[in-house]
Amino acid sequence: ITIGERQLMNKMPEYPLQEVLKIKERRVDEAERVVKQREEELENEKDKLLKCEQRRDKVKQHYHDKIDQLRLTLDKETTSEKIQQMRAYIDVVQEKLVVEEQKVVEQKEQVKVAKQNLENAKEELRQRRQEVDKIEMHKKEWMKDMRKELELKEALELDEVGIVMHITKKNM
């Protein structure tokens, strides 16, 4: 920045939308925080889903193990009472498996909601940044126009000073 440019900057009025720009920039900062928060929420929901799937898989494996055990028991000679007990237990495990499956489905829905919330937050951030960019572009144009006006005023003032000096020398 040259001395002349610095003097021009000192004479330049404040950008009329500066406060609006500051507000828009704060909104961008807030939108960035919301996006970060939504990303964390999505990760938490994914972690919960993973745990739900692990519990379901554990119950599913237990269910298959009990079915295999029943088949082995049926191959041997055994009492019908023991077979009934085993079937009743398998029914209980199967009910637990259905419950765990439902938890997985519900958690998948929570992950889907969290993803949508994140997408909404990112879109909001994009729009906020776009608003700031528009105002900043306007500010650059405004600054260019103001600089031209100030340079023109300064040139006119120098012309006037030159004319006054010329008239003064002439009259002497």
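Data block above holds the structure.
Presented here is an overview of the structure given in this document.

Reading the values: the criteria
- Residues numbered from 1 in each chain as written.
- Predicted model: local features only at pLDDT ≥ 70, side-chain atom pairs only at ≥ 80, totals over all residues.
- Heavy atoms only, no water.
- Salt bridge = Lys/Arg side-chain N within 4 Å of Asp/Glu carboxyl O.
- Helix = DSSP H or I, 4+ residues; strand = E, 2+ residues; numbered from the N terminus.
- Buried < 20%, exposed > 50% of the residue type's maximum accessible area, 1.4 Å probe, protein only.
- Axes fitted to C-alpha atoms, helices over the stretch in contact; angles between N-to-C directions.
- Parallel < 35°, antiparallel > 145°, perpendicular 65-115°, else oblique.
- Left-handed = near helix turned anticlockwise from the far one by under 90°.
- Nonpolar A, V, L, I, M, F, W, Y, C, P; charged D, E, K, R; others polar.
- Phe/Tyr/Trp six-rings, centres within 6.5 Å; stacked < 30°, edge-to-face > 60°.

**Points about the pattern of salt bridges**
Where side chains of opposite charge bring their charged atoms close, a pairing between them can arise.
Move 1: Inspection of the entire model under this criterion finds 15 salt bridges.
Move 2: Its salt-bridge partner being Arg-56, residue Glu-101 comes within 3.7 Å of it at the nearest N-O pair. Here Glu-101 is found in helix 3 (residues 80–171), whereas its partner Arg-56 is found in helix 2 (residues 18–75), with 45 residues between them in sequence.
Move 3: You can call Glu-101 partly exposed: its relative accessible area is 27%.
Move 4: Judged by relative accessible area, Arg-56 falls into the buried class, the value being 13%.
Move 5: Two residues, Lys-103 and Glu-100, come together in a salt bridge whose shortest N-O distance is 3.6 Å. Taken together, the residues Lys-103 and Glu-100, both in helix 3 and 3 residues apart, mark about one turn of the helix.
Move 6: For Lys-103, a relative accessible area of 36% translates into the label partly exposed.
Move 7: When its relative accessible area of 7% is taken as the criterion, Glu-100 is described as buried.
Move 8: Residues participating in the shared-partner salt-bridge network are Arg-56, Asp-57, Lys-60 and Glu-101.

**Quick word on the packing of helix 2 against helix 3**
Move 1: Direction vectors running N to C along helix 2 and helix 3 enclose 165°, while the axes themselves pass 7 Å from each other. By the angle between their axes, helix 2 is roughly antiparallel relative to helix 3. Relative to helix 3, helix 2 is oriented so that their crossing is left-handed.
Move 2: When the residues that make up the contact of helix 2 with helix 3 are grouped by side-chain class, the tally is 28 nonpolar, 8 polar and 27 charged.

**Examining the packing of aromatic side chains**
Move 1: Enumeration over the complete set of coordinates arrives at 1 aromatic pair.
Move 2: Judged by centre distance (5.3 Å) and plane angle (65°), the ring pair of Tyr-15 and Trp-142 falls under edge-to-face. Residue Tyr-15 is found in the loop between helix 1 (3–11) and helix 2, and its partner Trp-142 is found in helix 3; the two are separated by 127 residues along the sequence. Grouping residues by exposure puts Tyr-15 and Trp-142 together as buried.

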